Amino acid sequence: MDIQLKRGMLDVCVLAAIKDEDSYGYQIIKDLKPYMEISESTLYPILKRLEAGSLIEVYSVEHNSRLRKYYHITVAGLMRLQDFKSEWKELEAIYDFVTRKEKDKKDE
Amino acid sequence: MNKEEYLIQIKSRLKGFSQEDIDKHLDYFSEMIDDRVEDGLSEEEAVAQMDTPEEAVNQIIEDVPLTKMIENKITQKHKLETWQIILIVLGSPLWLGLLLGAFGILFGFLATLGGIVFAYYAVVFSLGLAGVLSVIVSVASLFVAKYTFGAFCFGAGLICIGLFLSLLLTVKTVSLAIVKAVKAVFTGIKKMINK
């Protein structure tokens, strides 16, 4: 997949992983596993970018005598997910158009 | 590789970063390993599941814009001993002069390029202008019965217009080539700074 496209997609995936409930790094990776393999090295820049864009907030919680970072989706982050859903509808329409033309030609 | 070795390896590869960034990265990977260990893996198994330190740092660096890396490198230098600061200040006439000289050369180079491009445009468009004017003059000559002169002007005018039209196509190519060249020079400089 085009690198820029993938980046945007992964950002949205991470947002979706924490949309219902705050989560932490490793848990996000586990939640995404059925859909895609994402390594921590890939996740790190995404989390940084989302935080810089104020799409998520970060806070620390003490867990087993260490600090664990939790990520919380902001209103802006939720809006980004909404935008993605409408963008997807447009993409679907385009995809239908592209593939329909091929089908018509095959029938001729 | 156990957790400590993994973190040491990561740290050694983050030399271009600020202490704050290094700490953040180490905390992050440390947390990742700890969470996996909590899930029941040993430290070695946890590390094996993760990217190698080299892959990990490569991915991180890829995402950092070059300007930030330069910024990091510059801010790193602020952690200096007093004697180093004194040395830098005392030596400033030298390195400052050299730096200004380097900028001067770069500016001169860019100005020259700009001058060449401008001159080229000027030549092409003046050909066009000359051509048109010559044709006008040749028509005017008809009215004062200077037929040979008029014919000469007409011929010259057509030549100029012809040259103008053919060179017009090259103007765009030349401009794009110059822009590419300048970009390449800048990228080269950034790479040198990164080393």
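Note that this is a predicted model, so its numbers are computed, not measured.

(A) Focus on the nonpolar core. Grouped together as the largest cluster of nonpolar side chains are 44 residues, with contacts concentrated most on I28 and L43 of chain A together with F29 of chain B. In this structure F29 of chain B touches E40 and S41 of chain A together with Y6, L7, I10, M50, A56 and I60 of chain B, once residues within four positions along its chain are discounted. If you look at the next biggest cluster of nonpolar residues, it comprises five residues, including L127, C160, F164 and V171 of chain B.

(B) Structural view of helix α3 (residues 40-52) of chain A. With 13 residues, α3 of chain A should cover 18 Å at 1.5 Å per step; its first-to-last C-alpha distance of 18 Å lies within 8% of that length. Burial in α3 of chain A covers these residues: E40, S41, L43, Y44, P45, I46, L47 and L50 of chain A.

(C) Seen up close, the sheet that holds strand β2 (residues 56-63) of chain A. Here three strands make up an open sheet; going across it, the order is β1-β3-β2 (chain A) and the pairing antiparallel. Across the chains shown, the open sheet's two edge strands, defined by having one partner strand only, are β1 (23-24) and β2 of chain A.

(D) Quick look at the packing of aromatic side chains. Tallied over the entire structure, the rule returns seven aromatic pairs over all chains. Judged by centre distance (4.7 Å) and plane angle (65 degrees), the rings of Y44 of chain A and Y28 of chain B are edge-to-face. Pair noted here: Y44 of chain A is in helix α3 and Y28 of chain B is in helix α2 (residues 19-38), and the two residues belong to different chains. Judged on exposure class, the residue Y44 of chain A and its partner Y28 of chain B are both buried. Plain terms: the ring middles of Y6 of chain B and F29 of chain B are 6.1 Å apart, the flat faces sit at 65 degrees to each other, and that makes the pair edge-to-face. Of this pair, Y6 of chain B sits in helix α1 (residues 3-13) while F29 of chain B sits in helix α2, and the two are 23 residues apart along the sequence. Each member of the pair, Y6 of chain B together with F29 of chain B, is buried. Through a chain of ring-to-ring contacts, three or more aromatic side chains come together here, namely Y44 of chain A together with Y6, Y28 and F29 of chain B.

(E) The arrangement of α1 of chain B in detail. Residue and element names in this part refer to chain B. All of the buried residues along α1 are K3, Y6, L7 and I10. With its buried residues spanning 95 degrees around the axis, α1 presents them on a single face. The outward face of α1, more than 90 degrees from its buried face, is lined by the exposed residues E4 and I8. Looking at the packing, one finds that the buried side of α1 touches α2, α3 (43-49) and α4 (53-63). With a side-chain oxygen lying 3.2 Å from the backbone nitrogen of E4, the N-terminal cap of α1 falls on N2.

Rules used throughout
Residues numbered from 1 in each chain as written. Chains lettered and ligands numbered in written order. Predicted model: local features only at pLDDT ≥ 70, side-chain atom pairs only at ≥ 80, totals over all residues. Heavy atoms only, no water. Core = buried A, V, L, I, M, F, W, Y, C linked by side-chain atoms within 4.5 Å. Buried < 20%, exposed > 50% of the residue type's maximum accessible area, 1.4 Å probe, protein only. Contact = heavy atoms within 4.5 Å. Helix = DSSP H or I, 4+ residues; strand = E, 2+ residues; numbered from the N terminus. Expected span 1.5 Å × (residues − 1). Pairing = 2+ DSSP bridges. Phe/Tyr/Trp six-rings, centres within 6.5 Å; stacked < 30°, edge-to-face > 60°. Arc of directions from axis to C-beta. Polar contact = N/O pair within 3.5 Å; in protein donor to acceptor, adjacent residues only side chain to side chain.

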